[in-house]
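Understanding the architecture of this molecule
What follows is the residue order along each chain.
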Amino acid sequence: MMQAYAWGAIVGIALTSTLGDVLLSRAMKQVGDVGQLWDSHGLWTVVGRVLRNPNFLLGVLAMTAAFYTLLLGLSWSDVSLIAPASASLTFVFNAVAAKLFLHERVDHRRWLAALCVAGGVVLLAA
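A brief look at the structure comes next. A quick note: this is a predicted structure, and the numbers were derived from the prediction, not measured.

Helix and strand content of the protein: six helices and zero strands. Ordered by position in the sequence, the α and β elements of the protein form the string α-α-α-α-α-α. In terms of overall dimensions, the protein has a C-alpha envelope of 55 × 35 × 20 Å along the principal axes. With 126 residues in all, the protein has 35% of them scored as buried.

On to the pattern of salt bridges. For the coordinates displayed, the defined rule picks out two salt bridges. Note that Glu104 and Lys29 form a salt bridge whose closest N and O atoms lie 3.1 Å from each other. Here Glu104, found in the loop between helix 5 (79-100) and helix 6 (108-125), pairs with Lys29, found in helix 1 (residues 2-31); they are 75 residues apart in sequence, far enough to count as distant. We note a salt bridge from Arg109 to Asp107, for which the minimum N-O separation is 3.1 Å. Residue class for Asp107 comes out buried when judged on its relative accessible area of 14%.

Looking now at the nonpolar core. Within the largest apolar cluster, ten residues are counted, these being Ala6, Trp7, Ile10, Ile13, Ala14, Leu81, Ile82, Ala85, Leu89 and Val121. Mapped by element, the contributors of at least two residues to this core are helix 1 and helix 5. The element that contributes the greatest number of residues to this core is helix 1, accounting for five residues. Leaving out residues up to four positions away in the same chain, Trp7 has contacts with Leu81, Ala85, Val121, Leu124 and Ala125.

In this model, His103 sits at a positive phi of 55°, which is unusual for a non-glycine residue. By the secondary structure assignment, His103 is in the loop between helix 5 and helix 6. Residue class for His103 comes out exposed when judged on its relative accessible area of 66%.

This paragraph deals with the layout of surface pockets. In this structure, the largest pocket spans a volume of roughly 160 Å³. The wall of the largest pocket is formed by Asp21, Val22, Ser25, Phe91, Asn94, Ala95, Ala97, Ala98, Leu102, Glu104, Val106 and Arg110. Residue contributions to the lining of the largest pocket peak at five residues, all from helix 5. Of the residues assigned to the lining of the largest pocket, the class counts are seven nonpolar, two polar and three charged.

With that settled, consider the side chain of Thr18. Among the structural elements, Thr18 can be located in helix 1. On the basis of relative accessibility, which here comes to 7%, the residue Thr18 falls in the buried class. In this structure, Thr18 is in contact with Thr90, Phe93, Asn94 and Ala97, ignoring residues within four places of it in sequence.

What follows is about the packing of aromatic side chains. A complete count under the given rule lists two aromatic pairs for this structure. A ring pair is formed by Phe67 and Tyr68, whose centres lie 5.3 Å apart and whose planes are at 75°; its orientation type is edge-to-face. Since its relative accessible area comes to 43%, Phe67 is described here as partly exposed. Since its relative accessible area comes to 53%, Tyr68 is described here as exposed.

The rules behind these values
- Residues numbered from 1 in each chain as written.
- Predicted model: local features only at pLDDT ≥ 70, side-chain atom pairs only at ≥ 80, totals over all residues.
- Heavy atoms only, no water.
- Helix = DSSP H or I, 4+ residues; strand = E, 2+ residues; numbered from the N terminus.
- Buried < 20%, exposed > 50% of the residue type's maximum accessible area, 1.4 Å probe, protein only.
- Salt bridge = Lys/Arg side-chain N within 4 Å of Asp/Glu carboxyl O.
- Core = buried A, V, L, I, M, F, W, Y, C linked by side-chain atoms within 4.5 Å.
- Contact = heavy atoms within 4.5 Å.
- 1 Å grid on protein atoms, 1.4 Å probe; cavity = no way out; pocket = protein on both sides within 12 Å on 5 of 7 lines; lining within 4 Å.
- Points joined across faces, edges and corners; volume = space filled by probe spheres on them.
- Nonpolar A, V, L, I, M, F, W, Y, C, P; charged D, E, K, R; others polar.
- Phe/Tyr/Trp six-rings, centres within 6.5 Å; stacked < 30°, edge-to-face > 60°.

Spelled out as structure tokens, the structure:
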């Protein structure tokens, strides 16, 4: 029963972390080149634009949920399972989300890497 909770936490970590990554990426693309903005308008303009972006705030909220789900998972199982499995699934989910939601070009090497990582998760589950 505890294994089911642990794997539920692992999937929860991967999903919330991926959601956070996608939202933060979208937010930063909307903000634009931070270095150029900083040079032309200063630090407080950058901070203001970032903090006013709803995708940034939702992304931080999703990453916070991922962190607390990690803590929950660590209370149910060993770090040697929770940390690598959640990181691996997050890698796979990020590749899929980048393609579907951010319309990024994910080349064959990244898909092959995601497949190898997924194989590692299967080995952890066994």
